[in-house]
Amino acid sequence: QVQLTESGGGLVQAGGSLRLSCAASGRTFSIWRMAWFRQAPGKEREFVASIGWSGGSTSYAVSVKGRFTISRDNAKNTVYLEMNSLKPEDTAVYYCAVRGLGQNEYDHWGQGTQVTVSS
């Protein structure tokens, strides 16, 4: 199995930046795609960004494109989310997730890390 350990959440002022990290351990050789999701109070969980094994295939939600950057370091089995120009509406619990080669759904999830952006 894969275990995910998140870090980097916190409180930041609007316009500021934050960098989230999620380190995978366990059966990391089975990881293919890694992603970030978020869930704000009163809203459903939404997709934020994802990245393929080589780092060349990235996808972003329209709401964060141009402000957030997803990257991964396979040597460290870690995925990152660089968040710039943060807005109060970015406030949410952020979750990292992974799926293995040949899988259609994200099958492993982190516990979530809180990001709060003050106005």
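You'll find the structure just up there.
Values in this document were obtained by computation on a predicted structure and should not be read as measured data.

Draft legend 1. Spotlight on the overall build of the protein chain. Across its full length, the protein chain holds 0 helices and 11 strands. Once the C-alpha set of the protein chain is aligned to its principal axes, its extents read approximately 40 × 25 × 25 Å. The buried share of the protein chain, reckoned over its 119 residues, is 41%. Within the protein chain, residue pairs in contact and separated by at least 24 positions form 53% of the contacts whose partners lie at least 6 positions apart. Total accessible area on the protein chain is roughly 6,300 Å²; 48% of this is exposed by carbon and sulfur atoms. Here the protein chain contributes 12 positively and 9 negatively charged side chains, and the mean placements of these two sets differ by 4 Å.

Draft legend 2. Structural view of the pairing of strand 5 (residues 46-51). Where strand 4 (residues 31-39) and strand 5 come together, 5 bridges link them in antiparallel fashion. Note on strand 5: the bridge partner recorded for Phe 37 is Phe 47. Between strand 4 and strand 5, which follow one another and run antiparallel, lie 6 residues, and Gly 42 among them has a positive phi close to 75°. Of the strand pairs in this sheet, strand 5 and strand 6 (residues 58-60) are connected by 3 bridges, and their pairing is antiparallel. Paired with Ser 50 across the two strands is Ser 59, which belongs to strand 6. Joining the antiparallel neighbours strand 5 and strand 6 is a turn of 6 residues, in which Gly 55 adopts a positive phi near 90°.

Draft legend 3. Examining the sheet that holds strand 1 (residues 2-7) more closely. A sheet is described by the order of its strands in space; here 4 strands give the open sequence 1-3-8-7, paired in antiparallel fashion. Each edge of the open sheet carries a strand with a single partner, namely strand 1 and strand 7 (68-73). For this sheet, the mean inter-axis angle between neighbouring strands, taken without regard to orientation, is 15°. Pairing between strand 7 and strand 8 (residues 78-83): 6 bridges, direction antiparallel.

Draft legend 4. Unusual backbone geometry, seen in detail. One non-glycine residue, Asn 77, adopts positive backbone phi at about 50°. According to the relative accessible area criterion, Asn 77 is partly exposed, its value standing at 26%. One non-glycine residue, Ser 85, lies in positive phi territory at about 50°. Relative to the assigned elements, Ser 85 resides in the loop between strand 8 and strand 9 (92-100).

Draft legend 5. Looking closely at the side chain of Thr 113. As for its position among the elements, Thr 113 is in strand 11 (residues 113-118). In this structure the side chain of Thr 113 is engaged in a polar contact, spanning 3.3 Å, whose partner is the backbone nitrogen of Gly 9.

Draft legend 6. Representation of the nonpolar core. One finds Trp 36, Val 48, Phe 68, Leu 81, Met 83 and Tyr 94 to be the most contacted residues of the largest nonpolar core, which totals 28 residues. Listed by contribution, the elements that provide at least two residues to this core are strand 1, strand 3 (18-26), strand 4, strand 5, strand 7, strand 8, strand 9 and strand 11. Other than its neighbours up to four places away in sequence, Val 48 contacts Trp 36, Phe 37, Arg 38, Ser 59, Tyr 60, Ala 61, Val 64, Phe 68, Leu 81 and Tyr 94.

Draft legend 7. Focus on the state of the cysteines. All chains considered together, the criterion is met by 1 disulfide. Disulfide pairing places Cys 22 opposite Cys 96 at an S-S distance of 2.0 Å. Because the sign of the S-S torsion sets the handedness, a value of about 45° for the bond joining Cys 22 and Cys 96 places this disulfide among the right-handed ones. A residue pair is termed long-range when its members are at least 10 positions apart, and Cys 22 in strand 3 and Cys 96 in strand 9 qualify at 74 residues.

The rules behind these values
Residues numbered from 1 in each chain as written. Predicted model: local features only at pLDDT ≥ 70, side-chain atom pairs only at ≥ 80, totals over all residues. Heavy atoms only, no water. Helix = DSSP H or I, 4+ residues; strand = E, 2+ residues; numbered from the N terminus. Buried < 20%, exposed > 50% of the residue type's maximum accessible area, 1.4 Å probe, protein only. Contact = heavy atoms within 4.5 Å. Areas by Shrake-Rupley, 256 points an atom, 1.4 Å probe, with all protein chains shown as cover. Lys, Arg positive; Asp, Glu negative; His and termini not counted. Charge placed at Lys NZ, Arg CZ, Asp CG, Glu CD. Pairing = 2+ DSSP bridges. Axes fitted to C-alpha atoms, helices over the stretch in contact; angles between N-to-C directions. Polar contact = N/O pair within 3.5 Å; in protein donor to acceptor, adjacent residues only side chain to side chain. Core = buried A, V, L, I, M, F, W, Y, C linked by side-chain atoms within 4.5 Å. Disulfide = S-S within 2.5 Å.

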